[in-house]
Amino acid sequence: MKKETMKKFIYLFIGASLLFISCNKDDDGINLNPTADDVVVQDFMWKAMNFWYFWQADVPDLADDRFSTNQEYTEYLQSNPNPGDFYNSLKFNEDRFSGTNKDFEVLLNSLSGIRKSNGLQAFIADLSSDNTDNLFLFVRNVIPESDAADKGIMRGDVFYAIDGQALTADNFNELLSADTFTLNKGELDVANRLVNETTEEITLTKEEDLLEPPIRLATTLDINGTKIGYLMYQRFNRDFKEELNNVFGQFVADGVTELVLDLRYNPGGDSATTALLASMIYGTNTNELFIRQRWNSKLQSRFSTEQLEDYFPSTTGISPVNTLNLTRVYVLATGRSASASELLINGLDPYIEVIHIGTTTRGKNEFSISLVDLPENNYRYSPSTQDQIPSDNKWIIQPLVGRNENSVGFIDYTAGFTPDFEIVEDVFNLGSFGNVEEPLLAKAIEEITGVSSKSLNKSRAVNTANDIITFDYEEKGLMTLNKKIEFK
């Protein structure tokens, strides 16, 4: 799905409204100036991380008193001439998600679900029953209106080779990274859990600026008189908040009394949209706390209580929030559910019953902001100052700068949320999204209605510890803070 106008406002997703009162640089206590001109990128990265990074106090090289002279500081910056490697050297050893890119537009696009892609999303599976080292590509999702969708590729399809080469652990990343490649299609032997070769081939080509719409599927199921809303939500994207609100408006009109929220492949996104979705599920209780931010020790005291706390919103900013006022929600989540997906679970948990079906989530409880070489703005990215970014330094960093806790203070879910009902997706029985026999949805329906599904009895989970190697086109899960915040 392409949007020609998307480039005009994709940057809003990253926190365009993340505005701060300008700070006097004397307040920061950092007045280091390089004595050489070959460390412009490293200088920006170090100063931005020193100010914003959540673990700044835990990284000795980011200490405020780390350098006593400009020359010492310059020599340190020069010691690692590769900017990407230098940035990684500044990260705390527990940091799994902070990222960077040499072109700010590429990273910002990616965070809005826009990337160069053919629309194919897949599991890479090593089948123990195959008795070879070969891997197989099982399609888990296809982006609508992409080349893969146009070529008729569907969830559950399997391919045994690319460009005639059998897939291995050493080559599948390289083969899938090509702009154009030909998939060699296989045929499932479900009884023996094997893949047979066929002569069918499908050639895919990546296209620039492919947008993955966040709302993959929304429908109301009538199961023995119980109206169950099903929403497969792919990303928390603020540019589609009205569409999301309309979905819940339809659920309300349909008389939905139960909700299955499918976040199994949702890597996260905008925290403000997370709060909106929480209100759509639970209620527009503007006096009840949804989440509270925790920043590094240098910044925490500079925010007022009001600035740190987010309550359940009653409006999208344009329209009143449509809410189901539920007392429980069924969430389908897996190891690909991260960041804002986990924030939703954590924020709702003190108020309603959250029944988690699937596997343990990724465990990302930090939020990030986008930083570029704009020292006068404390390095914060903003569309209004984009034309001021130096043309010779388009690097952007996306560091983790804080964590969110829920209304009862729970914040530590770095190990992920474990499911109430564990179901591992079986590549031989993936099913179709929204189909009542799809195993994860079927389990939710069973819990709601008490009626067991045939597909659950037939499903056999692949041993993820030994049989699944994953390859994803998405970036690692990121939660971007998108709110107006002012320093005291």
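Residues numbered from 1 in each chain as written. Predicted model: local features only at pLDDT ≥ 70, side-chain atom pairs only at ≥ 80, totals over all residues. Heavy atoms only, no water.

### So, the overall build of the protein chain
Here is step 1: When helices and strands are tallied, the protein chain shows 16 helices and 23 strands.
Here is step 2: Of all 488 residues assigned to the protein chain, the portion counted as buried reaches 58%.
Here is step 3: When contacts within the protein chain are restricted to residue pairs at least 6 apart in sequence, long-range pairs at least 24 apart make up 76% of them.
Here is step 4: About 19,600 Å² of surface is accessible on the protein chain, with carbon and sulfur atoms providing 45% of the total. (Helix = DSSP H or I, 4+ residues; strand = E, 2+ residues; numbered from the N terminus. Buried < 20%, exposed > 50% of the residue type's maximum accessible area, 1.4 Å probe, protein only. Contact = heavy atoms within 4.5 Å. Areas by Shrake-Rupley, 256 points an atom, 1.4 Å probe, with all protein chains shown as cover.)

### Thoughts on the side chain of Ser-382
Here is step 1: Locating Ser-382 in the fold gives a position in the loop between β18 (366-368) and β19 (396-398).
Here is step 2: Polar contacts involving the side chain of Ser-382 include one to the side chain of Ser-384, which spans 2.9 Å. (Polar contact = N/O pair within 3.5 Å; in protein donor to acceptor, adjacent residues only side chain to side chain.)

### Describing the pattern of salt bridges
Here is step 1: A complete count under the given rule lists 20 salt bridges for this structure.
Here is step 2: For Asp-43, the salt bridge identified is with Lys-47, shortest N-O distance 3.3 Å. Here Asp-43 pairs with Lys-47, and both are found in helix α3 (residues 40-52), just 4 residues apart, close to one helical turn.
Here is step 3: A relative accessible area of 14% means that Asp-43 is categorised as buried.
Here is step 4: Residue classification places Lys-47 among the buried residues on the basis of a relative accessible area of 13%.
Here is step 5: The partner of Asp-179 in a salt bridge is Lys-116, and the shortest N-O contact between them spans 3.0 Å. Of this pair, Asp-179 sits in the loop between α8 (172-177) and β7 (180-189) while Lys-116 sits in strand β2 (residues 114-117), and the two are 63 residues apart along the sequence.
Here is step 6: Residue classification places Asp-179 among the partly exposed positions, given a relative accessible area of 38%.
Here is step 7: A relative accessible area of 36% places Lys-116 in the partly exposed class.
Here is step 8: Each of the salt bridges in this network shares a partner with another, and the network as a whole consists of Arg-155, Asp-262, Arg-264, Glu-425 and Glu-438. (Salt bridge = Lys/Arg side-chain N within 4 Å of Asp/Glu carboxyl O.)

### Considerations on helix α10 (residues 271-281)
Here is step 1: The element α10 is extensively covered by neighbouring structure, given that 10 of its 11 residues are classed as buried.
Here is step 2: Every buried residue of α10 is listed here: Ser-271, Thr-273, Thr-274, Ala-275, Leu-276, Leu-277, Ala-278, Ser-279, Met-280 and Ile-281.
Here is step 3: Measuring from the side-chain oxygen of the N-cap residue of α10 to the backbone nitrogen of Ala-272 gives 3.4 Å; that N-cap residue is Asp-270.
Here is step 4: Backbone geometry just downstream of α10 places Gly-283 in the positive-phi region, at approximately 150°.

### What about unusual backbone geometry?
Here is step 1: Despite not being glycine, Asn-378 has its phi angle at roughly 50°, a positive value.
Here is step 2: Here Asn-378 shows up in the loop between β18 and β19.

### A short note on the confidence of the model for the protein chain
Here is step 1: Looking at the protein chain, pLDDT values average 88 and 87% of them are 70 or higher.
Here is step 2: The low-confidence segment residues 1-27 (pLDDT under 50) makes 82 contacts with residues lying over four places distant or belonging to another chain.
Here is step 3: Taken together, the stretch residues 460-466 has pLDDT below 50 and engages in 13 contacts with residues farther than four places along the chain or on a different chain. (pLDDT = per-residue confidence, 0-100.)

### Details of the nonpolar core
Here is a general trend for soluble globular proteins: nonpolar side chains tend to be buried in one another's company.
Here is step 1: Phe-44, Met-45, Trp-46, Trp-52, Trp-295, Leu-371 and Ile-397 are the most contacted members of the largest nonpolar core, which totals 38 residues.
Here is step 2: Residue assignment for this core shows that the elements contributing at least two residues are α3, α4 (70-78), α5 (83-89) and β20 (400-406).
Here is step 3: It is α3 that contributes the most residues to this core, 8 residues altogether.
Here is step 4: Not counting residues within four places of it along the chain, the set of residues in contact with Trp-46 comprises Ile-30, Leu-32, Asp-61, Leu-62, Ala-63, Phe-67, Tyr-73, Tyr-76, Leu-77, Phe-86 and Leu-90.
Here is step 5: In this structure, Ala-275, Phe-312, Leu-326 and Phe-417 belong to the second largest nonpolar core, which totals 36 residues. (Core = buried A, V, L, I, M, F, W, Y, C linked by side-chain atoms within 4.5 Å.)

### Re the pairing of strand β3 (residues 120-125)
Here is step 1: With 6 of its 6 residues buried, β3 lies for the most part within the structure.
Here is step 2: Of the two faces of β3, the one holding Leu-120, Ala-122 and Ile-124 and the one holding Gln-121, Phe-123 and Ala-125 are both buried throughout.
Here is step 3: When β3 meets strand β4 (residues 136-142), the two strands line up antiparallel, connected through 6 bridges. Paired with Phe-123 across the two strands is Phe-138, which belongs to β4. (Pairing = 2+ DSSP bridges.)

### Structural notes on helix α14 (residues 439-449)
Here is step 1: Most of α14 sits inside the fold, with 9 of its 11 residues counted as buried.
Here is step 2: Where α14 is concerned, the buried positions are Pro-439, Leu-440, Leu-441, Ala-442, Lys-443, Ala-444, Ile-445, Glu-446 and Ile-448.
Here is step 3: Between the side-chain oxygen of the N-cap and the backbone nitrogen of Leu-440 there are 3.1 Å, and the N-cap of α14 in question is Glu-438.

### A word on the environment of Leu-176
Here is step 1: Looking at the secondary structure, you find Leu-176 in helix α8.
Here is step 2: What makes Leu-176 buried here is its relative accessible area of 1%.
Here is step 3: Expressed as a C-alpha distance, the spacing of Leu-176 and Leu-120, which sit 56 residues apart in the sequence, is 9.7 Å.

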